[in-house]
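Coordinates in review
For reference, the chains in residue letters:
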Amino acid sequence: MIKETQQQHWNIPPSAPACMDYHLEAVDYRSDGAMLLAASSLTGRLWMGSLWVYKNPSSAPNEGFCTAGVQTEAGVVDAKWVTDTGILVASDSGAVEFWELSENETLIVNKFCRYEHEDIVSKVCVLAGGLQVVSGSMDCSVKVWDLQTQMVLNSYRAHTRDVVCVASSPTEEALFLSCSRDGKVLLWDRRNPKPASWLDVGVPDCRPTSLAWHSQQTDTVAVGDEDGNVSVRKLQNPESIQTSAVHTHYVTGLAFSSHGSYFIASVSEDCSVAVLDQSFSEVFRDRTHQDFVKGLSWSPTDPGILTTVGWDHRVLHHSVHHMENSTT
């Protein structure tokens, strides 16, 4: 479990902001357990954001115990680790940004900021291999980027409304998913002349909102929708679809456990966190958050820990076990 250290010392890096923006948008763990937080200020005079790194996740969101932090010029909608030092950012300004840790991981430096989208970038994901990334935007487009050249390799407009989520295959660089408010989930294979194909998720007239791709069972994907449903299916078997009305409102995030046990976690605008097992039975539910829950990530160092963040400025570390509900 994630535990508080017995003695902690206030040691905020000189370059970090003095105060974290209130609305927490995203959380992502690095392979060694370091935690990335993305925050935005949605109610102030200036609509800004910030990025934060914590070597000790239990210290978050206390600014004084961060390893590194930086203010961004616009709100941060999503953020992902790319390498041990690289951070990919989706900005509400329409930019895709790449930041990097330096100075013994006490400084976050901007490497590039590209305004190729015409509206808010809603989600980003890293393709297998770590050299290319995908962005989805409210301008209805999906773009594939090369991090080394900082250029757009492919730009697609197969959706007719806002693209709200993208998710990548853990093993195939050419494969990723996108979903949109047009009601479509698309499976992309960039090796094909017509790269996009429609994916049935078993819920008629649904508007998908969230996607996840299982890191070990690589033909298994999950979809959440605006009515609170969570669906899981095998890509090669349309008859395998399982669907459950897990939430009462918009599903804001999904994450498969990467630790052998088949858990699919979901968070929602109903302010709750839920976890289902392989039989689609609910094994965990938490309603501690007091506002929309926006981000989630499984700890890579402790199989039972699921971390969630939300617009209530809370970072919660849930201990998830069969028939046992607790929050640390």
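Residues numbered from 1 in each chain as written. Predicted model: local features only at pLDDT ≥ 70, side-chain atom pairs only at ≥ 80, totals over all residues. Heavy atoms only, no water.

**Quick word on the overall build of the chain**
- Looking only at helices and strands, the chain features zero helices and 28 strands.
- By the compact-globule yardstick of 20 Å for 328 residues, the chain fits well, its C-alpha radius of gyration being 19 Å.
- Put simply, the chain has 328 residues, and 59% of those count as buried.
- When contacts within the chain are restricted to residue pairs at least 6 apart in sequence, long-range pairs at least 24 apart make up 46% of them.
- Averaging the coordinates of the 23 positive side-chain charges in the chain and doing the same for the 40 negative ones gives two points 3 Å apart. (Helix = DSSP H or I, 4+ residues; strand = E, 2+ residues; numbered from the N terminus. Rg over C-alpha atoms; globule rule 2.2 N^0.38 Å. Buried < 20%, exposed > 50% of the residue type's maximum accessible area, 1.4 Å probe, protein only. Contact = heavy atoms within 4.5 Å. Lys, Arg positive; Asp, Glu negative; His and termini not counted. Charge placed at Lys NZ, Arg CZ, Asp CG, Glu CD.)

**Describing the sheet that holds strand S7 (residues 96–102)**
- With respect to topology, four strands assemble into an open sheet ordered S5-S6-S7-S8, the strand pairing being antiparallel. In this open sheet, the two strands that pair with only one neighbour each are strand S5 (76–81) and strand S8 (107–114). Each neighbouring strand pair of the sheet contributes to a mean axis angle of 25°, computed without reference to strand direction.
- Judged from the seven bridges that link them, S7 and S8 form a sheet pairing that is antiparallel. The residue bridging Glu-97 from the neighbouring strand is Cys-113, located in S8. (Pairing = 2+ DSSP bridges. Axes fitted to C-alpha atoms, helices over the stretch in contact; angles between N-to-C directions.)

**Section: unusual backbone geometry**
- For the bond running from Ala-60 to Pro-61, omega is 5°, close enough to zero to count as cis.
- Mapped onto the elements, Pro-61 comes out in the loop between strand S3 (49–54) and strand S4 (68–72).
- Of note, Phe-280 is a non-glycine position whose phi angle comes to about 70°, a positive value.
- For Phe-280, the position within the fold is in the loop between strand S23 (273–276) and strand S24 (282–286).
- Classification of Phe-280 by relative accessible area gives buried; the value is 13%.

**Structural notes on the sheet that holds strand S11 (residues 142–146)**
- Across the sheet, four strands lie side by side as S9-S10-S11-S12; this open sheet has antiparallel pairing. Among the strands making up the open sheet, the edge pair consists of strand S9 (121–126) and strand S12 (151–156). On average, adjacent strands in this sheet sit at an angle of 20° to one another, irrespective of strand direction.
- Pairing of strand S10 (residues 132–137) with S11, which is carried by five bridges, proceeds in the antiparallel orientation. Within S11, the residue paired with Gln-132 across the bridge is Asp-146.

**Let's talk about the pattern of salt bridges**
- Scanning all chains against the criterion turns up 12 salt bridges.
- In this structure, Lys-111 engages Glu-100 in a salt bridge whose closest nitrogen and oxygen atoms are separated by 3.8 Å. Taken as a pair, Lys-111 in strand S8 and Glu-100 in strand S7 lie far apart in primary sequence, 11 residues in all.
- We classify Lys-111 as partly exposed; its relative accessible area is 45%. (Salt bridge = Lys/Arg side-chain N within 4 Å of Asp/Glu carboxyl O.)

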